[in-house]
Amino acid sequence: MSWKPLRVLTPRSILPASAVVLVLAAGAAAHANKPVPFGDRVAGPGDAGATPVNSESLSSTDLDLRVGPGLEAFHKQTGEQAWSYRREGAEALYLAMAGDNAIVVWDDGMVTSVRPGDHEVRWHRAVPGLADWLHGDGEPGADKRTDAQRKALAKQRAAGALHTVQRDGSPWLALVTPNLTMGLRDADGDLRYNDKPSAGCAYDPLRTVHTDYAVLIPRTCTNSSGQAVSGGITGYRLDSNGWAMSTGPAATVKVLDRSRVEITDGPIVPPRVFDTKAAAPETACGGVGALFAAVRPQGGCAADPSPNPAAGDPAAQTNPPAPDAEAATGAPAVDQPAAQPQ
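The rules behind these values
Residues numbered from 1 in each chain as written. Predicted model: local features only at pLDDT ≥ 70, side-chain atom pairs only at ≥ 80, totals over all residues. Heavy atoms only, no water. Salt bridge = Lys/Arg side-chain N within 4 Å of Asp/Glu carboxyl O. Helix = DSSP H or I, 4+ residues; strand = E, 2+ residues; numbered from the N terminus. Expected span 1.5 Å × (residues − 1). Buried < 20%, exposed > 50% of the residue type's maximum accessible area, 1.4 Å probe, protein only. Arc of directions from axis to C-beta. Disulfide = S-S within 2.5 Å. Pairing = 2+ DSSP bridges. Axes fitted to C-alpha atoms, helices over the stretch in contact; angles between N-to-C directions. pLDDT = per-residue confidence, 0-100. Contact = heavy atoms within 4.5 Å. Core = buried A, V, L, I, M, F, W, Y, C linked by side-chain atoms within 4.5 Å. Phe/Tyr/Trp six-rings, centres within 6.5 Å; stacked < 30°, edge-to-face > 60°. Lys NZ or Arg CZ within 6 Å of the ring centre and 35° of its normal.

Colleague: Even after reading the chapter, I still don't get the pattern of salt bridges, so can you show me in this structure?
Modeller: Proximity of charged atoms lets side chains of opposite charge pair with each other. Taken as a whole and assessed by the stated rule, the structure comprises 18 salt bridges. The shortest N-O distance in the salt bridge between Arg-86 and Glu-72 comes to 3.1 Å. Of this pair, Arg-86 sits in strand 5 (residues 81-87) while Glu-72 sits in strand 4 (residues 71-75), and the two are 14 residues apart along the sequence. Here the residues in one salt-bridge network are Arg-185, Asp-188, Asp-190 and Arg-192, joined through shared partners.

Colleague: So what exactly am I meant to see when it comes to helix 4 (residues 147-161) here?
Modeller: An α-helical turn contains 3.6 residues, so any two residues separated by three or four positions project in the same direction. Given a rise of 1.5 Å per residue, 15 residues ought to cover 21 Å, and the 21 Å separating the end C-alpha atoms of helix 4 matches this to within 8%. What helix 4 keeps buried is the set Leu-153, Ala-154, Arg-157, Ala-158, Gly-160 and Ala-161. Angular distribution of buried residues about the axis of helix 4 spans 160 degrees; they occupy a single face of the element. Exposed and oriented more than 90 degrees from the buried face of helix 4 are Ala-148 and Lys-151.

Colleague: Would you explain the state of the cysteines in this entry?
Modeller: Disulfide: a covalent bond connecting the sulfur atoms of a pair of cysteines. A full pass over the atoms with the stated rule returns one disulfide. There is a disulfide in this structure between Cys-201 and Cys-221, and the S-S distance comes to 1.9 Å. On the sign convention where negative means left-handed, the S-S torsion of about 100 degrees between Cys-201 and Cys-221 marks this disulfide as right-handed. Separated by 20 residues along the polypeptide, Cys-201 in strand 14 (residues 201-203) and Cys-221 in strand 16 (residues 215-222) bring together distant segments of the chain. The pair formed by Cys-201 and Cys-221 is uniform in burial state, with each residue classed as buried.

Colleague: Mind showing me how you'd approach the sheet that holds strand 19 (residues 252-255) here?
Modeller: In any sheet, the strands associate via hydrogen bonds between backbone groups, in a parallel or an antiparallel arrangement. Overall, antiparallel pairing links the four strands, which are arranged 19-20-21-22 in an open sheet. The sheet is open, and its two borders are formed by strand 19 and strand 22 (280-281), each paired with just one other strand.

Colleague: Quick question: what am I supposed to make of the sheet that holds strand 2 (residues 40-43) here?
Modeller: Spatially, 2-5-4-3 is the arrangement adopted by the four strands of the open sheet, whose pairing is antiparallel. If you trace the sheet from one side to the other, it starts and ends with strand 2 and strand 3 (63-67), each paired once. Within the sheet, the average angular offset between the axes of one strand and its neighbour, ignoring direction, is 15 degrees. Bridge count between strand 4 and strand 5: four bridges; the pairing is antiparallel.

Colleague: Explain the confidence of the model for the protein chain to me, please; I cannot follow it from the model alone.
Modeller: Detailed reading of predicted coordinates is not advised where the pLDDT is low. For the protein chain, mean pLDDT is 79; residues scoring 70 or higher make up 68% of the total. The low-confidence segment residues 6-15 (pLDDT under 50) makes 24 contacts with residues lying over four places distant or belonging to another chain. Overall, residues 28-35 carries pLDDT values under 50, and its contacts beyond four positions in sequence, including any with other chains, amount to 13 contacts.

Colleague: Mind showing me how you'd approach the environment of Lys-277 here?
Modeller: Mapped onto the secondary structure, Lys-277 falls in the loop between strand 21 (272-275) and strand 22. When its relative accessible area of 52% is taken as the criterion, Lys-277 is described as exposed. For Lys-277 and Tyr-213, which are 64 residues apart along the polypeptide, the C-alpha to C-alpha distance reads 5.9 Å. Sequence-distant contacts of Lys-277, that is, excluding residues within four places in its chain, are made with Tyr-213, Arg-237 and Ser-259.

Colleague: Before we go on, may I ask you to explain the nonpolar core in this structure?
Modeller: Among soluble globular proteins, nonpolar side chains are generally buried collectively. Of all hydrophobic cores here, the largest spans 20 residues; its most connected members are Val-111, Leu-130 and Leu-173. Going through the elements one at a time, strand 6 (92-98), strand 7 (101-106), helix 3 (130-135), helix 4, strand 11 (172-177) and strand 12 (180-185) are the ones with two or more residues in this core. Contacts of Leu-173, omitting those with residues within four sequence positions, involve Ile-103, Val-111, Trp-123, Leu-162, His-163, Thr-164, Met-182, Gly-183, Leu-184 and Asp-186. Grouped together as the second largest cluster of nonpolar side chains are 15 residues, Ala-73, Ala-82, Ala-90 and Val-104 included.

Colleague: Got a minute to help me understand the packing of aromatic side chains in this structure?
Modeller: Each aromatic ring pair is specified by the distance between its two centres and by the angle formed by the two planes. Enumeration according to the criterion identifies four aromatic pairs in this entry. Judged by centre distance (6.1 Å) and plane angle (70 degrees), the ring pair of Trp-172 and Tyr-193 falls under edge-to-face. A residue pair is termed long-range when its members are at least 10 positions apart, and Trp-172 in strand 11 and Tyr-193 in strand 13 (residues 191-195) qualify at 21 residues. Classification of Trp-172 as buried rests on a relative accessible area of 0%. These aromatic residues form a ring-pair network of at least three members: Trp-172, Tyr-193 and Tyr-236. Arg-66 extends its terminal NZ or CZ atom over the ring of Phe-74, reaching a point 4.2 Å from the ring centre. The positively charged end of Arg-87 is found above the aromatic ring belonging to Trp-106, 5.2 Å away from the centroid.

Colleague: How should I be thinking about the pairing of strand 16 in this particular structure?
Modeller: The two faces of a sheet get side chains in turn, since along a regular strand they alternate between them. Where burial is concerned, most of strand 16 is hidden: six out of the eight residues are buried. Where strand 14 and strand 16 come together, three bridges link them in antiparallel fashion. Residue pairing for strand 16: Ala-202 is matched across the bridge by Thr-220. Alignment of strand 15 (residues 209-210) against strand 16, held across two bridges, turns out to be antiparallel. By the bridge assignment, Val-209 is partnered in strand 16 with Leu-216. Hairpin connection of strand 15 to strand 16: four residues between the antiparallel strands. Here strand 16 folds back onto strand 17 (residues 228-236), and the loop between the two strands holds five residues, one of which, Gly-226, carries a positive phi near 85 degrees.

Structure follows, in structure tokens:
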């Protein structure tokens, strides 16, 4: 598995000419979120109008948030409903937290951010192609799915599409579909990057994972007959460069902790560990570059025991130590300084 730095993820470098029109079209609808209600309706218990909440008396930690059919908030202490947020003609499928804010994926391809403490809808963003992928219409076997299967598929895909990166003090989120990925700043929903897979390749949202620093998106590339021939993993960050790795078509990524992931690429290649905070692979102990590695194993490398500590000392080889007189004669050695405490 090879590793190479990815180009700097700036608007100029990651918006190819073919994607500019797509981004502008999505942005035209998404950036006009404030004057357009998007069918939003925030209500209190029993469909009564929800009144603003004192931020000092209520926060996200005081509420139990659930999805379906909208975003529903319940008091943790009493279990009573505090408020509900719904959108006319749309159903909420998946919820993830970005800091203290709730990010919701809807079945019409819209993504919204809500501040639970005062139930304010902070921003809306439309993701091109998301709704079609969530429903899976036109796919082989789609016409044989039951309503329950269609709903289960949409919820599973919504969970694969949304990834929140907590990054201390400045959370952000990535939206992933097979043909497009977008990175949004949670503070205002601003679009920070978008990217498309190269020709003949597709992202795999269901294999995508995230750490507290990055989102890692596997991709698969196929030949003209539709057979998977290669793959890769692209890492995206909002504050610095991303990276790309070449892998086989079925490589898997497992999150180990807040920054590290383990990448498994088949039975022949041993698993690799990648640090998403340092943006570098972990160098195994005993390797040629272990001494100068950017990322060493988390537990460190144990010193290699040597049966003859003086083997590498030319002076010791020239003047070998005298035999232990006490061991040879059974009597204390003379003219030998006492061992000093280390």
